[in-house]
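Below are the chains, spelled out letter by letter.
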Amino acid sequence: MKRITDISKPSDQQVVDLVNLDNSLSLVVSDLDIGIPKVNDNLQISTCNTVLKLAKKLGAYGVVDVYYDRIDMSVFNKIGTPNIKVSASPTLLDVLNAFNTFYSSNISINEIDLSTTLATPTINGNLMTVKISHKSLVYVGECVINLKLL
């Protein structure tokens, strides 16, 4: 089943929320070692698009595979190409902060693919593709934004 958590939370918290919900647990992020997500290629076990290794730091032994669906960034374009407003010489972090404000999301700079090319904002806007790193716990893919001057 596809579940979308509260995207205003950090990605690691969203994953722990899913684990807690599916298993009636009350784990916190600091209790866990969270692995790097991978595309799930074993659809006989789960139809979810992602699998990652999860281990409890203290009091338990072993590692479990957790299956869940990462959010495809293209969903952010379902309302059209958003106008993200930034100053004249923004950094990628500035763009990400404006994106997070626009969508009330909490994507971290560590989740952005470093090959993302920063567009120059203009009054009418300049299209820019935001690419997500394969290491992102919650997001996958890319979306297009229109980078406009404040």
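Data block above holds the structure.
None of these values were measured; they are calculated from a predicted model. (Residues numbered from 1 in each chain as written. Predicted model: local features only at pLDDT ≥ 70, side-chain atom pairs only at ≥ 80, totals over all residues. Heavy atoms only, no water.)

1. A word on the nonpolar core
- Ranked by size, the top nonpolar core spans 34 residues in total, and within it Met-73, Phe-76, Phe-99, Ile-107, Tyr-139, Ile-145 and Leu-147 carry the most contacts.
- Elements that contribute at least two residues to this core include exactly helix H1 (11–23), strand E3 (50–56), strand E4 (64–68), strand E6 (83–86), helix H2 (92–103), strand E7 (126–131) and strand E9 (142–149).
- Among the elements that make up this core, the one with the highest residue count is H2 (5 residues). (Core = buried A, V, L, I, M, F, W, Y, C linked by side-chain atoms within 4.5 Å. Buried < 20%, exposed > 50% of the residue type's maximum accessible area, 1.4 Å probe, protein only. Helix = DSSP H or I, 4+ residues; strand = E, 2+ residues; numbered from the N terminus.)

2. Quick notes on H2
- An ideal rise of 1.5 Å per residue puts 16 Å on 12 residues; H2 measures up with 16 Å between its terminal C-alpha atoms.
- Restricting attention to buried positions, one finds in H2 the residues Val-95, Leu-96, Ala-98, Phe-99, Asn-100 and Tyr-103.
- Against the buried residues of H2 lie E6, E7 and E9.
- Following H2 by one or two positions, Ser-104 adopts a phi angle in the positive range, close to 55 degrees. (Expected span 1.5 Å × (residues − 1). Contact = heavy atoms within 4.5 Å.)

3. Here we look at the pairing of E3
- Among the 7 residues that make up E3, 5 are buried, leaving the element largely enclosed by the rest of the structure.
- Inspection of the sheet shows strand E1 (residues 32–34) paired to E3 by 3 bridges, in the antiparallel sense. Residue pairing in the sheet places Ile-34 in a bridge with Leu-54 of E3.
- For strand E2 (residues 38–39) and E3, the ladder comprises 2 bridges, and the chain directions are antiparallel. Its bridge partner lying in E3, Val-39 is registered against Thr-50.
- Bridging between E3 and E4 involves 5 bridges; their strand directions are antiparallel. Bridge assignment links Val-51 to a residue of E4, and that residue is Tyr-67. (Pairing = 2+ DSSP bridges.)

4. Observations regarding unusual backbone geometry
- Positive phi outside glycine occurs at Ser-24, with the angle close to 50 degrees.
- Inspection of the secondary structure assignment puts Ser-24 in the loop between H1 and E1.
- A positive phi angle, close to 55 degrees, is found at Ser-104, a residue other than glycine.
- One can find Ser-104 in the loop between H2 and E7.

5. Re the packing of aromatic side chains
- This model, assessed by the stated rule, comprises 5 aromatic pairs.
- Considering the side-chain rings of Phe-99 and Tyr-103, the 4.8 Å spacing of their centres and the 50 degrees angle between planes classify their relative orientation as tilted. In this pair, Phe-99 and Tyr-103 are both assigned in helix H2, 4 residues apart and thus about one turn of the helix distant.
- Judged by its relative accessible area of 3%, Phe-99 falls in the buried class.
- Ring pairing ties together the aromatic residues Phe-76, Phe-99, Phe-102, Tyr-103 and Tyr-139, which thus form one cluster. (Phe/Tyr/Trp six-rings, centres within 6.5 Å; stacked < 30°, edge-to-face > 60°.)

6. Comments concerning the pattern of salt bridges
- Applying the stated criterion across every chain, the model contains 2 salt bridges.
- Residue Asp-17 is joined to Lys-9 by a salt bridge in which the shortest nitrogen-to-oxygen separation is 2.8 Å.
- For Asp-65, the salt bridge is made with Lys-53, and the minimal N-O distance between the two is 2.8 Å. Of this pair, Asp-65 sits in strand E4 while Lys-53 sits in strand E3, and the two are 12 residues apart along the sequence.
- What makes Lys-53 partly exposed here is its relative accessible area of 48%. (Salt bridge = Lys/Arg side-chain N within 4 Å of Asp/Glu carboxyl O.)

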